Amino acid sequence: MRSGVAIFPGSNCDRDIVVAIKKITPKAPLKLWHKDTEFPNLDLIVIPGGFSFGDYLRCGALAARSPIIRNIKNHVSRGGSLLGICNGFQILIETGILPGSLIRNKNLLFTCKETILEIQNTIKSPFTEGFQIGEQIKIPVAHNEGNYFAPKPLLDELNNEGRIAFKYVKGSDFDNKVAYNPNGSSNDIAGILSPNGKVLGMMPHPERAINSLHGGTDGLRFLTKCIEHIVG
Amino acid sequence: MTVSNNKLYEDNKFEYMVQQESNLESALEMGLTKEEYNLICTKIKKIPNKTELGIFSAMFSEHCSYKSSKKWLKTMPTEASHVIQGPGENAGVIDIGDGLAAIFKIESHNHPSFIEPYQGSATGVGGILRDVFTMGARPIALLNALRFGSASKPLTKHLLSGVVKGIGGYGNCIGIPTVGGETNFDKSYDGNILVNAMAVGLADKDKIFYSAATGANNPVIYVGAKTGRDGIHGATMASAEFTDSSSEKRPTVQVGDPFTGKLLLEACLELMNTDAVLSIQDMGAAGLTSSSVEMASKGSLGMFLDLDLVPTREEQMTSYEIMLSESQERMLMILKPGSENKAKLIFDKWDLDFAVIGKVTDTGRLVLNKNGFEACNIPINPLVEDAPEYDRPYEIINNKKIIDLNKIVINKTINEILVKVFKNPNMASKKWIWEQYDCSVMGDTILSSGQSDAAIVKIHGTENHNSLGKGLAMTTDCTPRYVKANPFEGGMQAVCEAARNIAASGAKPLAITNNLNFGNPEKKHIMGEIVGAIKGISKAASYLNTPIVSGNVSLYNETNGNGILPTPVIGMVGIINKVENCLGVNSEEGNTLLVLGQSEEFVEGWISSSIYQEIINNEFDGAPPPINLENEKEIIDIILKLNEEKLITAAHDISDGGLLPTICEMLFKNNLGIDLNLPDLLSKKDSKDILLHSWCFGEDQGRVIVATKNLNKVKLLLKKYNIKFFILGEVNSSSNLNIKNVTTISINDIKNLYENTLTSIMC
Amino acid sequence: MRAIVNISLKQGVLDPQGQAIQNSLSNLGFNNCNNVRTGKQIILDFQDNDEEQVFKETEKMCETLLVNTVIENYDIEIIKEI
Amino acid sequence: MRAIVNISLKQGVLDPQGQAIQNSLSNLGFNNCNNVRTGKQIILDFQDNDEEQVFKETEKMCETLLVNTVIENYDIEIIKEI
Ligand SMILES: Nc1ncnc2c1ncn2[C@@H]1O[C@H](COP(=O)(O)OP(=O)(O)O)[C@@H](O)[C@H]1O
Ligand SMILES: [Mg+2]
């Protein structure tokens, strides 16, 4: 699988996602710099977490106007898979690739906690194909602006089209380290898909759950299945 | 040197003014004394102009010169075979094997955080990170030691929430995990909060960068953010006692920009990967002044700077302002001649300013040009070597009172006391704080806040087929009330608790950074606290072979004459060879809990200066628990030994609150219970017996509780090494802490208090 | 010449910060205020002195970057003399 | 009655956000703008209809909560008809 990680000057989870992908496939992802206007065709591009341009103005707003974005849009129209994690999700929203908006957490606090996600989508997507609807995975969040907000018609549309990838749930091994809907998202939304299922934006960080000692290994399981299904 | 030139006057009135001769009055205004002013005039053989005087005043400030503490700092143990660089550089450096070095330091941003909690604490984090990456290290973890006034005050809430937001705002954005720290509340901090931030980084042992200037004519480079009028005279402010009128100094607040900080971090590390950098120094307190003077002085050289070439953010800045600005995210470097273009490309890539602003000289003088005129020409030596060093009179006051147990009127049951303990924000969980910190970015965090006595961060890339890798353990500790009661014992205690915490996480203690926060050193008893604490820290540090490799001093933490509790914070770093062997505090069903360092015969716990004593009497009183260094070392060694043999699964040191609260903390996570054994001597006592209470809540040092699945093997080993121990009981699923014939305590109820006390204060 | 862009949230968009401010205000005893909303201001200084030109350029900046028109409204104010 | 509080950074206080926006604008080809500063707006709706009263109350709110007077300036605008 040929993958790439888009790096903005304030990205800070770029190394983490590279480490995670390298645990799964031998081929290291290509590092794509935000000023790059050309790169080879790829199967998967990941936009990692961080604070792309300091998150000034609006999270992801300045990044969404970088030169690399046009190529990322081309990648999507070629049918490539695209995963935006945390700030990456915010960037996807700002580019218009995914709909809605991500606003300040309801409690106005940066929140770093584990969450339990339930797989929800009914449309086919390489990102969740390896899971049953209703399956749960434990993945941490760490963000200030992850409160998914959309007008009712859009929420209905996402729901009806089966494009809500994950919801925050209380889960079975819920304990005090785990937060249920830590940011106040509408309908407990933690991640959404594009109409063709090939673009996923999610607030939680799967690349931070790849180690049995810290955060568990559900993130590794999730990313492994994603990669398996993207390769086909 | 006075410039009475019309052209200069027309071009820039203000520059003209700062190039005028100073007088005593201006010296006093800048915080210098008359003696210091006279000394300056004599040493430089002229009357300084105002820019020159400003430079002296910054360098002579307590903050830069350590004039009150230097004499005593020199007495600290700073050497060991694993120390690569002790105090004197931007941060301390120790050898951690495999060709790697750990680089770390702690620093205070107390005064700025009181004035503007968000920006003050954010710039504190930015500053300490620069200290670490200036030396070539990639920062891998942040910690913070915080002290606030009474938790019930609205001002405390405002300050705490701003400080936590600021620390998170910077650390989360730049992408370095905040993994631990400590937080205390006490009314003595009402007018002077303490915000100490610690950063830990990693570098290749043979690729460490220092600040000494080298080679006359080598180019001096300015990189990073532009210079504005931020924080001018911040260093002097940080050295002046607060009065109510200090709110007038407010516009000098510096604003942190973690995004630019991140760019600077990446650009510097990228440049350090080439061979271009000869020496490098961050611009911290007193900005361009202290960075240029320190570089030149350490290299026994001089420096010429053309201030017209300094990238500025504001119009018409004077030489005085440029030299004293404390704008953040800036660095000064000396490059190998000819490598300027290569370096500039890297800074262009990261969209940062890059300017050649001068050169190294062999004159031993600091010469500055502004608007084509010489704005400053002074010898470097007096700025550093002749900086005043005071031998301030001191008196060490010890509270020797040992509370007579028989005189204690017990007015509460054990349950009620336990409730009081966990309703105390000092004892309750700090999760409201640490959940606002990104603790897992960089993907190497193994244990962070709330999981273990010390945080553990994996050393990236050390994993191999038989281990998940090596890790660094880190903690900050200080119990100010002990230091107040007896500075020497309190100083030792802080070191020992830190070392115990490192060991309880499964790691070997290695070295110390320290932040000495005290009141006004011109008062004899405060100076006594400083001297006593330094002596105590030194004694314990050398006994445990954990030398002091870096640190920071913050004095004059007083408002209207009320000083803070003496707070010498110890930041300690240790190493664990296999992170999978790390230890947390949480026990599991079926574990046996044992307390090490205490025997069956031990019943009379140390109540003086304890939390228990405060609960009973509403105020702290009495001597702190004594420290026995031999015992401390024994306990540390045995924990490491037990862990090496894989005989224990959790460990938690007994500190504030004593035995019973410590046991509770080991049961919380999994809602477990225990039938607690009592020593024979206590088994027939009734529930209001003072010995029973002192056994439960005494704060005797040198004790750690461990959890094991292998009681017999543990006992054998403990006997072999002659370690005192007492078996507390087996952990069960009942969720009750049961003391036979005395009481039953619901762990769930206590846990609720523990978890929610701080949150309910803050929300 | 200066352009001031006032950006506010569209009707119906959740404003957690405004809500939090309103709560704090009422905790502090300010009870007369029945709604709080937050907005942003961006102040742009131009060398250009042609009002229409500056207005048009600012409008374009708003549409391309400054404003998230999905959830935000804006208006532009031009100040000739700074 | 409505009170609009415009909050801006004091002269000389670093505005990293403004700088980042300015950079981004110039990368997008907007080169005529030579300085960008950011500010906040807080819009308060009152039941009260006494202009002086509302102004005074808003001023008090600014000093106690809304404005960080260490680094920010503010002005208050009263709008009678919303
Ligand atoms: N300001 C803070 N930032 C991060 N973690 C904190 C902070 N204050 C306390 N903690 C965490 O809370 C836990 C308990 O702290 P403390 O009571 O000081 O522990 P101990 O007594 O074992 O030293 C530790 O894990 C510590 O790292
Ligand atoms: Mg402690």
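Residues numbered from 1 in each chain as written. Chains lettered and ligands numbered in written order. Predicted model: local features only at pLDDT ≥ 70, side-chain atom pairs only at ≥ 80, totals over all residues. Heavy atoms only, no water.

For chain B, the helix and strand inventory stands at 27 helices and 28 strands. In terms of principal-axis extent, the alpha carbons of chain B reach across some 95 × 60 × 45 Å. In chain B, which comprises 763 residues, the proportion classed as buried is 66%. Restricting the contact set of chain B to residue pairs at least 6 apart, pairs at least 24 apart contribute 84%. In the form shown here, chain B has an accessible surface area of approximately 25,700 Å², with 48% of it arising from carbon and sulfur atoms. (Helix = DSSP H or I, 4+ residues; strand = E, 2+ residues; numbered from the N terminus. Buried < 20%, exposed > 50% of the residue type's maximum accessible area, 1.4 Å probe, protein only. Contact = heavy atoms within 4.5 Å. Areas by Shrake-Rupley, 256 points an atom, 1.4 Å probe, with all protein chains shown as cover.)

On the surface, Asp75(C), Glu77(C), Asp75(D) and Glu77(D) cluster together into a patch of negative charge. Breaking the negative patch down by element, the ones donating at least two residues are strand S3 (72-79) of chain C together with strand S3 (72-79) of chain D. Locating Glu77(D) in the fold gives a position in strand S3. Judged by its relative accessible area of 38%, Glu77(D) falls in the partly exposed class. (Patch = residues over 30% accessible without salt bridge, like charges linked within 9 Å, V, L, I, M, F, W, Y side chains within 5 Å. Salt bridge = Lys/Arg side-chain N within 4 Å of Asp/Glu carboxyl O. Lys, Arg positive; Asp, Glu negative; His and termini not counted. Charge placed at Lys NZ, Arg CZ, Asp CG, Glu CD.)

Taken together, the 30 residues of chain D in the interface contact 30 residues of chain C. Roughly 2,700 Å² of surface becomes buried between chain D and chain C when both sides are summed, with 60% attributable to carbon and sulfur atoms. Counting the surface chain D buries against chain C, the share from its top three residues, Phe30(D), Asn32(D) and Gln41(D), is 21%. At the boundary of chain D with chain C, the tally comes to zero salt bridges. Elements supplying a minimum of two residues to the side of chain D that touches chain C: helix H1 (16-27), strand S2 (33-46) and helix H2 (51-66) of chain D. Among the elements that make up the side of chain D that touches chain C, the one with the highest residue count is S2(D) (14 residues). By residue class, the composition of the side of chain D that touches chain C is 13 nonpolar, 11 polar and six charged. Bridge analysis of strand S2 (residues 33-46) of chain C against S2(D) gives 13 bridges, and the strand direction is antiparallel. Bridge pairing in S2(D) places Arg37(C) opposite Ile43(D). (Buried area = accessible area lost by both parts, 1.4 Å probe. Nonpolar A, V, L, I, M, F, W, Y, C, P; charged D, E, K, R; others polar. Pairing = 2+ DSSP bridges.)

Before going further, it helps to examine the relation of the copies chain D and chain C. Of the transformation superimposing chain D on chain C, the axial component is 0.0 Å and the angular component is 180°, with the fit at an RMSD of 0.2 Å. Here the copies are linked by what is in effect a two-fold axis. It is Lys40(D) whose C-alpha, among those of chain D, lies nearest the rotation axis, at 2.2 Å. A shared binding surface is used by both copies, with 100% of the interface residues of chain D retained as interface residues in chain C. (Least-squares fit on C-alpha atoms with pLDDT ≥ 70 in both.)

With that out of the way, let us pick up the nonpolar core. Of all hydrophobic cores here, the largest spans 220 residues; its most connected members are Tyr148(A), Leu472(B), Leu44(C) and Leu66(C). In terms of nonpolar packing, the next biggest core, distinct from the first, is built from 51 residues, Ile403(B), Leu672(B), Leu682(B) and Ile747(B) among them. (Core = buried A, V, L, I, M, F, W, Y, C linked by side-chain atoms within 4.5 Å.)

Our next topic: the site of ligand 1. All names here are of chain B. Taken together, 19 residues sit near ligand 1, with Asn144, Gly181, Thr183, Ser449 and Gly450 positioned nearest. In the environment of ligand 1, an oxygen atom lies 3.1 Å from a nitrogen or oxygen atom belonging to the backbone of Gly181. Within the complex, the protein chains bury 84% of what would otherwise be the 560 Å² of accessible surface of ligand 1. Put simply, the parts of the chain that give the shell around ligand 1 at least two residues each are strand S4 (138-148), strand S5 (178-185), helix H18 (431-434) and helix H20 (487-504). Of the residues forming the shell around ligand 1, the biggest block, four residues, is contributed by S5. Class assignment of the residues belonging to the shell around ligand 1 gives a composition of four nonpolar, nine polar and six charged. (Near = heavy atom within 4 Å. Polar contact = N/O pair within 3.5 Å; in protein donor to acceptor, adjacent residues only side chain to side chain.)

To continue, consider the packing of aromatic side chains. Tallied over the full model, the rule gives 16 aromatic pairs over all chains. Ring geometry for Tyr56(A) versus Phe259(B): centroids 6.4 Å apart, planes at 85°, classification edge-to-face. Taken together, the residues Tyr56(A) in the loop between strand S3 (44-47) and helix H2 (68-77) and Phe259(B) in helix H12 (residues 258-272) connect one chain to another. Under the relative-accessibility criterion, Tyr56(A) is labelled buried at 12%. Ring geometry for Phe56(B) and Phe60(B): centres 5.5 Å apart, planes at 85°, overall edge-to-face. Of the two residues, Phe56(B) and Phe60(B) both sit in helix H5 (residues 50-60), four residues apart, roughly one turn of that helix. No difference in accessibility class separates Phe56(B) from Phe60(B), as the two residues are buried. Each member of the aromatic cluster is reached from another via a ring pair, and the members are Phe8(A), Phe53(A), Tyr56(A) and Phe259(B). (Phe/Tyr/Trp six-rings, centres within 6.5 Å; stacked < 30°, edge-to-face > 60°.)

All names here are of chain B. The seven strands lie next to each other as S8-S10-S7-S11-S9-S12-S13, forming an open sheet whose pairing is mixed. At either margin of the open sheet sits one strand with a lone partner, and together these are strand S8 (277-282) and strand S13 (373-379). Across the sheet, the mean angle separating the axes of adjacent strands is 20° when strand polarity is ignored. With five bridges connecting them, strand S7 (residues 219-224) and strand S10 (residues 330-335) associate as antiparallel partners. Each residue of the ladder has a partner; that of Val223, found in S10, is Met331. (Axes fitted to C-alpha atoms, helices over the stretch in contact; angles between N-to-C directions.)

So, about the confidence of the model for chain B. Residues shown with low pLDDT carry predicted positions that ought not to be read at fine detail. Residue and element names in this part refer to chain B. Summary statistics for chain B give a mean pLDDT of 94 and a share of 96% for residues scoring 70 or more. Low pLDDT, under 50, characterises residues 242-250; the stretch is placed with 13 contacts to residues that sit more than four places away or in other chains. For this predicted complex, the interface confidence reaches an ipTM of 0.93, while the overall pTM sits at 0.94. (pLDDT = per-residue confidence, 0-100.)

All names here are of chain A. Compared with the 20 Å implied by 1.5 Å per residue over 14 residues, the 20 Å span of helix H5 (residues 218-231) between its first and last C-alpha is a close match. Here H5 has its buried residues at Asp218, Gly219, Phe222, Leu223, Cys226, Ile227 and Ile230. Buried positions in H5, seen along its axis, are confined to an arc of 165° and lie on one side of it. Summarising the contacts, the buried residues of H5 are in contact with helix H1 (14-24), S3, strand S4 (81-85), strand S7 (136-143), strand S9 (164-169) and strand S12 (199-202). (Expected span 1.5 Å × (residues − 1). Arc of directions from axis to C-beta.)

Let us look at the side chain of Gln493(B). Mapped onto the secondary structure, Gln493(B) falls in helix H20. Gln493(B) has contacts with Thr479(B), Tyr482(B), Ile627(B) and Gln701(B), leaving out every residue within four places of it along the chain.

Residues and elements named next belong to chain B. The seven strands lie next to each other as S23-S25-S22-S26-S24-S27-S28, forming an open sheet whose pairing is mixed. Taken across any chain shown, the strands that pair with only one partner, and hence form the sheet edges, are strand S23 (648-653) and strand S28 (743-746). Taking each pair of neighbouring strands and ignoring which way they run, the sheet shows an average axis angle of 20°. For strand S24 (residues 673-676) and strand S26 (residues 725-732), the ladder comprises two bridges, and the chain directions are antiparallel. In the sheet register, Gly673 faces S26, and the bridge partner there is Asn732.

Next up on the list: the interface of chain A and chain D. Contact with chain A, which involves five residues of that partner, is made by six residues of chain D. Summed over both partners, the interface of chain A with chain D buries about 500 Å², with 73% contributed by carbon and sulfur atoms. A per-residue breakdown of the area chain A buries against chain D is headed by Tyr56(A), Leu57(A) and Leu62(A), which together make up 80% of the total. Taken together, the connections running from chain A to chain D amount to one residue pair in polar contact (both at pLDDT 80 or more). Here the residues of the side of chain A that touches chain D sort into four nonpolar, no polar and one charged.

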